[in-house]
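The chain contents come next:
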Amino acid sequence: MKNLTNNPLGYISLGSISQLLVMISVPILTKFYDPESFGRFSYITSLSILLASVQCLGLQKSLLRTNQKIKLNKYLNYVLAIIILSTTIALLLLIFLPFKLEYIILCLLAFFTSINELFKFYFLSLSNLKPILLTKYSSSVLSPISKMFFFLTSVSSKGLLLGQLVEKIFTSIVSLYYSKVTFQLPRFKDILAFAKNNIDFIKFSLPSTFLNISSSNLLVYVLPFYFSFEILGYYFLANKILNIPTSSVGKLVSEFFTSKYIKSTNKKKLLNKTVKNLVFVSLPLFLLIFILSESLIDFFFEKQWNFASVLIKILIPLHFFRFISSPCSYIFEIEKKNHVLFKFNFFYLLVTLISVFSLTIFELNINNFLILYSLLGSIIYLYLLQLSKKIL
């Protein structure tokens, strides 16, 4: 596996196998859960990702600035202590709210999502991609099995969320095992010193990540308000199907690119070559998805999911440009240009809000609204590519 993870084709091929398992599991899960259940699941998990982005204070990305294991272990301990402290505060705040299982699941999902992200950056800094792949395999196998298990044990209303939580806990354990890091509670003054030395992450990376996640998930919060959780369920499935070849593979590309970028002597050439290869590979794939989307939904899913095929066609341009810009994910942090990324993400949120305001002003239906959203999002990711090239 080590030889395969050292070249892009090998790493992406191995990672794509895990995504194939996800692809197989999606139609199966839709036989257990209806569109509304998926809509509510999408709503809670999006909130957990948003909360997780705050818990780390943006400091998890500081690990990308060193590949010395002794320093990395210290940094990891500092960030881990911050995550534990912030999660404890969040759980204590639940005392003042009416008891709901969803609140506890939300906090725990955010905690383990933060842990998984932290270890991902740890392994990327060491250019060790094997543990990242293993967590992907663990996730793709355990997630659908646990969700089906909880449905069959008569907790169907929370089955998707509980299954997601089990998966996050297990992948965190896998990461901890392969890191061989011993957690030692650092002194508070050492944590403060670490935060002060990496203040640019708190000032720019934290709000930038928060803005980016808010923009990317804004529709998850908007669709139930303007339409229904059922519509959100269709949107979730459309995104899930498109994310398998795009966002998921895009993350693999981003991870491999980052591990090579850190050591590269000609970074601009590496970026240009990677983007060109992504366009060459993905364009035929997206055209194929566009042509076959109705047939695929009709063949693999129940009739109640047919509307998702319409949304897939509308969202394809957005996912295409997001995919080819995926190598840009961590360039700004590595090059210490966090303020540039912050400005971009602020602009991204602003453009996304414009599409939401248009929904209100012009009383758009779901199709027209998503067409506008997809068009504006495509322009945003093209702009991200241009920004990345300018700073190199």
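Residues numbered from 1 in each chain as written. Predicted model: local features only at pLDDT ≥ 70, side-chain atom pairs only at ≥ 80, totals over all residues. Heavy atoms only, no water.

Caption draft 1: Summary view of the overall build of the protein. Looking only at helices and strands, the protein has 15 helices and zero strands in total. In the protein, which comprises 392 residues, the share counted as buried stands at 53%. For the protein, long-range pairs separated by at least 24 residues make up 84% of all intrachain contacts whose partners lie at least 6 apart in sequence. When the accessible surface of the protein is summed, it comes to about 18,600 Å², and 67% of that surface belongs to carbon and sulfur atoms. (Helix = DSSP H or I, 4+ residues; strand = E, 2+ residues; numbered from the N terminus. Buried < 20%, exposed > 50% of the residue type's maximum accessible area, 1.4 Å probe, protein only. Contact = heavy atoms within 4.5 Å. Areas by Shrake-Rupley, 256 points an atom, 1.4 Å probe, with all protein chains shown as cover.)

Caption draft 2: Focus on the layout of surface pockets. Computed from the structure, the second largest pocket encloses a volume of approximately 270 Å³. Lining the second largest pocket are 17 residues, and of these Ala-81, Ile-82, Leu-85, Phe-188 and Ile-191 lie nearest its centre. The element that contributes the greatest number of residues to the lining of the second largest pocket is helix H4 (residues 69-93), accounting for six residues. Taken together, the residues of the lining of the second largest pocket break down into 15 nonpolar, two polar and no charged. (1 Å grid on protein atoms, 1.4 Å probe; cavity = no way out; pocket = protein on both sides within 12 Å on 5 of 7 lines; lining within 4 Å. Points joined across faces, edges and corners; volume = space filled by probe spheres on them. Nonpolar A, V, L, I, M, F, W, Y, C, P; charged D, E, K, R; others polar.)

Caption draft 3: Expanded view of the nonpolar core. Core analysis: the largest hydrophobic core is formed by 97 residues, its most contacted members being Leu-63, Leu-76, Val-79, Tyr-235, Phe-369 and Leu-370. Take this core: its biggest share by element is twelve residues, from helix H5 (residues 101-125). (Core = buried A, V, L, I, M, F, W, Y, C linked by side-chain atoms within 4.5 Å.)

Caption draft 4: Layout of unusual backbone geometry. Even without being a glycine, Glu-363 presents a positive backbone phi close to 50°. With respect to the helices and strands, the residue Glu-363 is situated in the loop between helix H14 (338-362) and helix H15 (366-390). The exposure class assigned to Glu-363 is exposed, which follows from its relative accessible area of 71%.

Caption draft 5: Examining H4 more closely. With 25 residues, H4 extends 36 Å from end C-alpha to end C-alpha; this agrees with the ideal 36 Å at 1.5 Å per step. The inward-facing, buried residues of H4 contact helix H3 (35-55), H5 and helix H8 (188-197). (Expected span 1.5 Å × (residues − 1).)

Caption draft 6: Geometry of the pattern of salt bridges. Counted by the stated rule, this structure contains four salt bridges. Two residues, Arg-40 and Glu-36, come together in a salt bridge whose shortest N-O distance is 3.1 Å. Of this pair, Arg-40 and Glu-36 both sit in helix H3, four residues apart, which is roughly one turn of that helix. Given the relative accessible area of 43%, Arg-40 is considered partly exposed. Relative accessible area serves as the criterion here: at 37%, Glu-36 is assigned to the partly exposed category. Between Lys-313 and Glu-294 there is a salt bridge; the shortest N-O distance is 3.0 Å. (Salt bridge = Lys/Arg side-chain N within 4 Å of Asp/Glu carboxyl O.)

Caption draft 7: Here's a closer look at the packing of H14 against H15. Contact geometry for H14 and H15: axes closest at 9 Å, N-to-C directions at 165°. Classified by the angle their axes make, H14 and H15 are roughly antiparallel. The two elements H14 and H15 meet at a crossing, and its hand is right-handed. Of the residues in H15, those touching H14 at Val-340, Phe-344, Phe-347, Tyr-348, Val-351, Thr-352, Ser-355, Val-356, Ser-358 and Leu-359 are Phe-369, Leu-372, Tyr-373, Leu-376, Ile-380, Tyr-381, Tyr-383, Leu-384 and Leu-387. Per-class residue counts for the contact of H14 with H15 are 16 nonpolar, three polar and no charged. (Axes fitted to C-alpha atoms, helices over the stretch in contact; angles between N-to-C directions. Parallel < 35°, antiparallel > 145°, perpendicular 65-115°, else oblique. Left-handed = near helix turned anticlockwise from the far one by under 90°.)

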